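# Chains, contacts and geometry: an overview
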Amino acid sequence: MSTPIAKLNFWGVRGSTPTVDPVTWRFGGNTPCLDLVAPDGTQFILDCGTGLRMLSNRWSTDNSVRPAEAHIFVTHYHWDHIQGLPFFAPLYGENNQFHFYSFRSKFLGQDSLRQVFEAQMALPYFPVNFSSMRAKRKFRELEGGESFHVGENKVTARWLNHPQGCLGFRIETPAGTIVYATDNEPGDPALDKSLRELAAGADIFINDAQFTPVQLASNRKGWGHSSWKEGVHIAREVGAKTLVLFHHDPDSTDRMVDNILREAREEFDSVFAASEGMLITLGAASQPVQAHLPGSRTSLRREAQFRALVSGLTSDGKPFQEETTVRDLALQGALISLKHSPRLQSELEVVMETSGTNGRQEMRLKGYVVRLEAGVEKGTTAVGIVFTD
Ligand SMILES: [Zn+2]
Ligand SMILES: [Zn+2]
């Protein structure tokens, strides 16, 4: 029998409000939405931020990945977690079926999530009539604290510390366990303990990392969010294997997220900063966790050839230097082939020799590894880089 595999896609990773500022382009500006395909084929969606539209587009362009049925978990009702709903095209198809899970808000009362739908689509806020949403929808109210099965997978919901309430979810699949705990502020002893129980031994622990530790301790206290440092503490304490920093602040530039990631990596081995289009595969034989970043971010490449000296860190954290030829080069990035396998989201320096009218010149560029794939030649890795300088 083949090994069970689960696939986790990140469609929106930004907190609070979407951003289209070019300085936030690399990690992405859509608000929270993930989808998880469990080994038994069960389709989960976590949150319905603007990233949900990206998932909708993916399903409309690739019939092979579009299910007729999905289980949608909504952590809470703040705008950034629901505003993608009216733009999720499969909700308009009468042959589709969706199971929604969320909690009863004391501000909305019974059928909270159903009311969210109706309110979002009420005139004059949205031009399409609510009745044109033809998909079958079932709503389940969670209490926070319960566990239940969806297909072969066990789901547990727990309360987090966030204004007006928020649920964290643990999904145990035969390929591994994913914990999604966003919109949470540390400092409430009972809820802090509960989060640790939720995250215990997780393969992937997705945690709110909106603020820096300094911001969290000062002017952003009480806003309902966390920092990379808190995520690292919890991951260490409960033996989570990989930490994913999530819900980036809309005012955090890509450089700021790079710095946050760098600091987190100094204290914990396996950390990624959630990035739009990132895919994590669980249960693959060679590595417990594989993450791939999207090709679209390096897709504006042009054929060119330059000799280059590349220096960076391998996936084991060892420094390396290697000569290679840069074939695809654009203003934003390049695709190079290396014998070393650099670490995803680590920094690389590429020194290229160019010959122009002034003779030979050296071009020194700094960039980040955004994509890793098996290279065309055996034993090589194709490395996608986005330049930052
Ligand atoms: Zn949020
Ligand atoms: Zn929130």
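Everything numeric in this text was worked out from a predicted model, so none of it was measured. (Residues numbered from 1 in each chain as written. Chains lettered and ligands numbered in written order. Predicted model: local features only at pLDDT ≥ 70, side-chain atom pairs only at ≥ 80, totals over all residues.)

## Overview of the overall build of the protein chain
For clarity, the cut-off: Comment: elements are numbered from the N terminus, with helices defined as DSSP H or I runs of at least four residues and strands as E runs of at least two. Counting other C-beta atoms within 10 Å of its own, a residue is labelled buried from 20 upward, exposed at 12 or fewer, and partly exposed in the gap between, with every C-beta atom placed from the backbone. Here the contact rule is simple: place C-beta atoms from the backbone, and any two residues whose C-beta atoms are within 7 Å are in contact.
A count of helical and extended segments in the protein chain gives seven helices and 21 strands. Based on the C-alpha atoms only, the size of the protein chain along its principal axes is roughly 75 × 50 × 45 Å. Taken over 389 residues, the protein chain has a buried fraction of 45%. In the protein chain, once contacts between residues fewer than 6 apart in sequence are set aside, the share between residues at least 24 apart is 65%.

## A short note on the pairing of strand β20 (residues 359–374)
The condition is simple: Two strands make a pair as long as DSSP finds a minimum of two bridges between them.
In this structure, β20 lies alongside strand β21 (residues 381–387), joined through seven bridges in antiparallel fashion. When the sheet's bridge partners are listed, Arg-371 is paired in β21 with Gly-384. Counted between consecutive antiparallel strands, the loop separating β20 from β21 contains six residues, among which Gly-379 sits at a positive phi close to 80°.

## A look at the environment of Leu-52
Among the structural elements, Leu-52 can be located in helix α1 (residues 51–61). Separated by 22 residues in sequence, Leu-52 and Asn-30 place their C-alpha atoms 8.7 Å apart.

## Comments concerning the domain arrangement of the protein chain
Convention followed: Domain borders in the structure are assigned automatically or taken from a domain database. When residues are grouped by polarity, Ala, Val, Leu, Ile, Met, Phe, Trp, Tyr, Cys and Pro land in nonpolar, Asp, Glu, Lys and Arg in charged, and all others, Gly among them, in polar.
With domains assigned, the protein chain is organised as domain 1 (6–292) and domain 2 (295–387). Computed over C-alpha atoms only, the centres of domain 1 and domain 2 are separated by 32 Å. Taken residue by residue, the interface counts eight residues in domain 1 and eight residues in domain 2. Taken together, the elements giving at least two residues each to the side of domain 1 that touches domain 2 come down to α7 (254–267), β13 (271–273) and β15 (289–292). Across the side of domain 1 that touches domain 2, the residue classes break down as four nonpolar, two polar and two charged.

## What about the environment of Phe-320?
Tracing the chain through its elements places Phe-320 in strand β17 (residues 319–329). Residues Phe-320 and Ile-171 lie 149 residues apart in sequence; the distance between their C-alpha atoms is 38 Å. Apart from residues no more than four positions distant in its own chain, Phe-320 is found in contact with Ser-311, Gly-312, Thr-314 and His-340.

## What to know about the pairing of strand β8 (residues 153–160)
With six of eight residues buried, β8 is to be regarded as a mostly interior element. With four bridges connecting them, strand β7 (residues 147–150) and β8 associate as antiparallel partners. Pairing of Val-150 across the sheet is with Asn-153, part of β8. Between β7 and the antiparallel strand that follows it, β8, lie two residues; Gly-151 among them carries a positive phi value of about 60°.

## Brief notes about the nonpolar core
To keep things clear, this is the line we draw: A set of buried Ala, Val, Leu, Ile, Met, Phe, Trp, Tyr and Cys residues, joined through C-beta atoms within 7 Å, is what we mean by a nonpolar core.
Among the nonpolar cores identified, the biggest contains 92 residues, and Val-179, Ile-204, Phe-205, Leu-245 and Ala-274 are the most heavily contacted of them. In this structure, this core is formed jointly by two domains, domain 1 (6–292) and domain 2 (295–387), each of which donates at least three residues. If sequence neighbours within four positions are ignored, Val-179 has contacts with Gly-168, Arg-170, Leu-198, Ala-199, Ala-202, Ile-204, Phe-205 and Ile-206.

## A word on the confidence of the model for the protein chain
Test applied: pLDDT gives the predictor's per-residue confidence on a scale running from 0 to 100.
Summing up the model confidence of the protein chain, the mean pLDDT is 90 and the portion of residues at 70 or higher is 93%. Note that residues 296–303 has pLDDT below 50 and, in this model, 23 contacts with residues that lie over four places away or in other chains.

## Considerations on unusual backbone geometry
In this model, Leu-123 is joined to Pro-124 through a cis peptide bond whose omega is 5°. Positive phi is not limited to glycine here, since Asp-111 has a value of about 55°. Residue position: Asp-111 is located in the loop between β5 (97–103) and α3 (112–120). The exposure class assigned to Asp-111 is partly exposed, which follows from the 13 C-beta atoms found within 10 Å.

## Considerations on α7
To keep things clear, this is the line we draw: Multiplying 1.5 Å by the helix residue count minus one yields the expected span of that helix.
Taking 1.5 Å as the rise per residue, α7 with 14 residues should run 20 Å; its terminal C-alpha atoms sit 20 Å apart, in good agreement. Residues of α7 that are buried sit in contact with α6 (228–238), β12 (242–246) and β13.

## Re the packing of helix α4 (residues 189–199) against α6
Let me state the cut-off plainly: Fitted lines through C-alpha atoms serve as axes, helices being fitted only where they are in contact, and the angles separating the N-to-C directions of these axes extend from 0 to 180 degrees. Just so you know how the angles are binned, under 35 degrees is roughly parallel, over 145 roughly antiparallel, 65 to 115 roughly perpendicular, and the rest oblique. Left-handed is the label given to a crossing in which the near helix is rotated counterclockwise from the far helix by less than a right angle, and right-handed is the label when the rotation is clockwise.
At a closest axis distance of 9 Å, the pairing of α4 and α6 adopts a crossing angle of 60°. The orientation of α4 relative to α6 falls into the category oblique. Crossing of α4 against α6: the hand is right-handed. Touching Leu-195, Arg-196 and Ala-199 of α4 are Ile-234, Glu-237 and Val-238, all from α6. Counted by class, the contact of α4 with α6 contains four nonpolar, no polar and two charged residues.

## Side note on the environment of Ser-346
Along the chain, the position of Ser-346 falls in the loop between β18 (333–338) and β19 (347–356). In this structure Ser-346 comes out as partly exposed when scored by C-beta crowding, with 17 C-beta atoms within 10 Å. Once the C-alpha coordinates of Ser-346 and Arg-262 are considered, the two residues, 84 residues apart in sequence, prove to be 8.1 Å apart. Setting aside residues no more than four positions away along its own chain, Ser-346 makes contact with Gly-312, Leu-313 and Val-369.

## Some points on the sheet that holds β7
Backbone hydrogen bonds hold the strands of a sheet together, and the pairing may be parallel or antiparallel. In space, the seven strands of this open sheet follow the order β7-β8-β9-β10-β11-β12-β13, with mixed pairing throughout. Both edges of this open sheet fall to β7 and β13, since each of them pairs with a single strand only. Taken pair by pair, the neighbouring strands of this sheet meet at an average axis angle of 20°, ignoring direction. Bridge count between β12 and β13: three bridges; the pairing is parallel. Among the inter-strand pairings, Val-244 is bridged to a residue of β13, identified as Phe-272. Across the sheet, α4 touches β8, β9 (166–173), β10 (176–181) and β11 (204–208), and the angle it forms with β8 is around 165°.

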